[in-house]
Amino acid sequence: MFLCGISATLCGGKTKEGVFVGVLLSMSSTAVVLKFLMEKNSINALHGQVTVGILVLQDCAVGLLFALLPILSGASGLLHGVASMTKSLVLLISFLGILSILSRTCVPWFLKLMISLSSQTNELYQLAAVAFCLLFAWCSDKLGLSLELGSFAAGVMISTTDLAQHTLEQIEPIRNLFAALFLASIGMLINVHFLWNHVDILLAAVILVITIKTFIVSIVVKGFGYNNKTSLLVGMSLAQIGEFAFVLLSRASSIHLIEGKLYLLLLGTTALSLVTTPLLFKMIPAVVHLGVLLRWFSVDSNQLGLKGEVLRIDSGKRINLIIQGPHDS
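Parameters at a glance
Residues numbered from 1 in each chain as written. Predicted model: local features only at pLDDT ≥ 70, side-chain atom pairs only at ≥ 80, totals over all residues. Heavy atoms only, no water. Helix = DSSP H or I, 4+ residues; strand = E, 2+ residues; numbered from the N terminus. Patch = residues over 30% accessible without salt bridge, like charges linked within 9 Å, V, L, I, M, F, W, Y side chains within 5 Å. Areas by Shrake-Rupley, 256 points an atom, 1.4 Å probe, with all protein chains shown as cover. Salt bridge = Lys/Arg side-chain N within 4 Å of Asp/Glu carboxyl O. Buried < 20%, exposed > 50% of the residue type's maximum accessible area, 1.4 Å probe, protein only. Expected span 1.5 Å × (residues − 1). pLDDT = per-residue confidence, 0-100. Contact = heavy atoms within 4.5 Å. UniProt positions renumbered as here; feature names shortened; annotations may be inferred.

Enquirer: I would appreciate a short explanation of the environment of Val-275 in the present structure.
Expert: Here Val-275 shows up in helix α15 (residues 260-275). On a C-alpha basis, the gap between Val-275 and Gln-240 in space is 8.8 Å, while along the polypeptide they are 35 residues apart.

Enquirer: So what exactly am I meant to see when it comes to a nonpolar patch on the surface here?
Expert: Among the surface-exposed residues, Phe-2, Leu-3, Ile-6, Leu-10, Leu-208, Ile-212, Phe-215, Ile-216, Ile-219, Val-220 and Phe-224 lie close enough to one another that they form a single nonpolar patch of about 1200 Å² accessible area. Put simply, the parts of the chain that give the nonpolar patch at least two residues each are α1 (2-10) and α12 (199-223). Examining the composition of the nonpolar patch, we find that six residues originate from one element, α12, more than from any other. On the secondary structure map, Ile-212 appears in helix α12. Taking the relative accessible area as the measure of exposure, Ile-212 reaches 40% and is therefore partly exposed.

Enquirer: Looking at this structure, how should I read the environment of Ala-179?
Expert: Mapped onto the fold, Ala-179 is located in helix α10 (residues 164-189). With a relative accessible area of 16%, Ala-179 lands in the buried category. Spatially, the C-alpha atoms of Ala-179 and Lys-35 are 8.1 Å apart, while their sequence positions differ by 144 residues.

Enquirer: Is there a simple way to explain helix α5 (residues 62-73) in this structure?
Expert: One turn of an α-helix holds 3.6 residues; hence residues three or four places apart share an orientation. With 12 residues, α5 ought to run about 16 Å at 1.5 Å a step, and its terminal C-alpha atoms sit 17 Å apart, in line with that. For α5, the buried fraction is high: nine of the 12 residues fall into the buried class. By the burial criterion, the buried members of α5 are Val-62, Gly-63, Leu-65, Ala-67, Leu-68, Leu-69, Pro-70, Leu-72 and Ser-73.

Enquirer: Is there a simple way to think about the confidence of the model for the protein chain in this case?
Expert: Predicted coordinates in areas of low pLDDT are best not read in detail. Taken residue by residue, the protein chain gives an average pLDDT of 78. The fraction at 70 or more is 86%. Taken element by element, the protein chain is modelled with least confidence in strand β1 (residues 307-314), mean pLDDT 37, and with most confidence in α12, mean pLDDT 91. Overall, residues 301-329 carries pLDDT values under 50, and its contacts beyond four positions in sequence, including any with other chains, amount to 59 contacts.

Enquirer: Teacher, can you tell me more about the UniProt feature "transmembrane region" (unreviewed entry) in the protein chain here?
Expert: Here, the residues flagged by UniProt with the feature "transmembrane region" (unreviewed entry) are residues 19-38, 50-69, 89-111, 176-195, 201-220, 232-250 and 262-281. In the segment residues 232-250, helix accounts for 63% and strand for 0%; the C-alpha atoms at its two ends are 32 Å apart. Spanning residues 262-281, this segment combines 95% helix with 0% strand, and its end C-alpha atoms are found 29 Å apart.

Enquirer: Looking at this model, I keep getting lost on unusual backbone geometry. Mind explaining?
Expert: The bulk of non-glycine residues show a negative phi, and the bulk of peptide bonds are trans. Unusually for a residue other than glycine, Asn-41 sits at a positive phi of about 55°. Take Asn-41: it is sitting in the loop between α3 (30-39) and α4 (46-60).

Enquirer: How should the pattern of salt bridges be read in this particular structure?
Expert: For side chains of opposite charge, pairing can occur when their charged atoms come near one another. As enumerated under the stated definition, the model contains one salt bridge in all. For the salt bridge of Glu-39 with Lys-35, the shortest nitrogen-to-oxygen distance reads 2.6 Å. Highlighted residues: Glu-39 and Lys-35, both in helix α3, separated by four residues, approximately one helical turn.

Set out below in C-alpha cells:
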C-alpha cells in the first residue's frame, strides 16, 4: 500500500487510488493457492506452512480493509474510520474466540452424531460437513469479516477432531466441484471486448504484478530468517491477486473511489493473475532446479523431487539425487 501510494504520487496520479491499488495487490487467493499446495503435497512443507499462515492473516485483515475504503474515498472522517476498523478487530477476535471454544466442545459431538446417523450411507455425513462449513462462512460474512475466513476456520475446527481424515475423504469430490465452479466464475467476470482491445496493457500489468509481488514477499519472508528457497517459493505462491479483490473493486466503484478504465484494468489484471497461477506452480520445480545449479539454494534431496537425475554443479562436482518419496515441489 505504501509503495503503490508513493508510486502514484510520483507519477502524477491520485494518492488515494494508488493506496487502493496497493490494498488490492496485497491480497492473494486462499482458495486457489491451497488447492495447488494440496495437489503438490506441499501443504506440510516449510514454504507451504508459511504460505498458509500469510493467507490466513490476509483473510483476517479483510474487514479492516473494508473499513479503510470510506476513508480513502473521503466518504467518512478519520475518526469514524478508526472506530470502524477497531470494531472489525473486536469482532474478529470475538469470532475466533467463540470458534475456539466450539471446536473443543460441540464440534466433536456433532461429527460423531452425524457419523452414527449415517452408518448406512455417506450422503448425510457429506451434507452435514458441507452445511457446517457454509454455516460458519455465512456467519463470518454477516459479521463483516470474509467468507474465506469463516470457511477456513470451519476446516480448522474439523481438523482438531479425530474425524478430520474421514471428513476430508468424504468431501473431496465436492471440493473439486466447487473449485471448478470458482474458476468458471472468474472467467465470467472478464470483459472480453476490453481484454481484446487492451491485451498488451493487461499482459504487461499481470507480468508486473507477479514480478513485484514475488520480489516483495520473498524479501519480507527472507527478512524473518528463512532460507532463499523458502522465501522464493512463498513469493511465487502468493504472486497472484486474490479473489476477494473482486469484492473490494465492487465496493470501491460504488463509493466512486475508482472509476472507468482503471476499474476494468484492475478487474482484468486480477482475473488473469488468477488464471496464471497454475502456470506459476508448474514452474516451481524448474525454478528450484535452476536455483540449485546457480547455488542460490542449498541441496535438499527430500524436496527437489528428482529421480536418479544428475545435476552438474561445476565441472568437477556432481550431486546424485535419488528420491524414493512422493514428488514435492
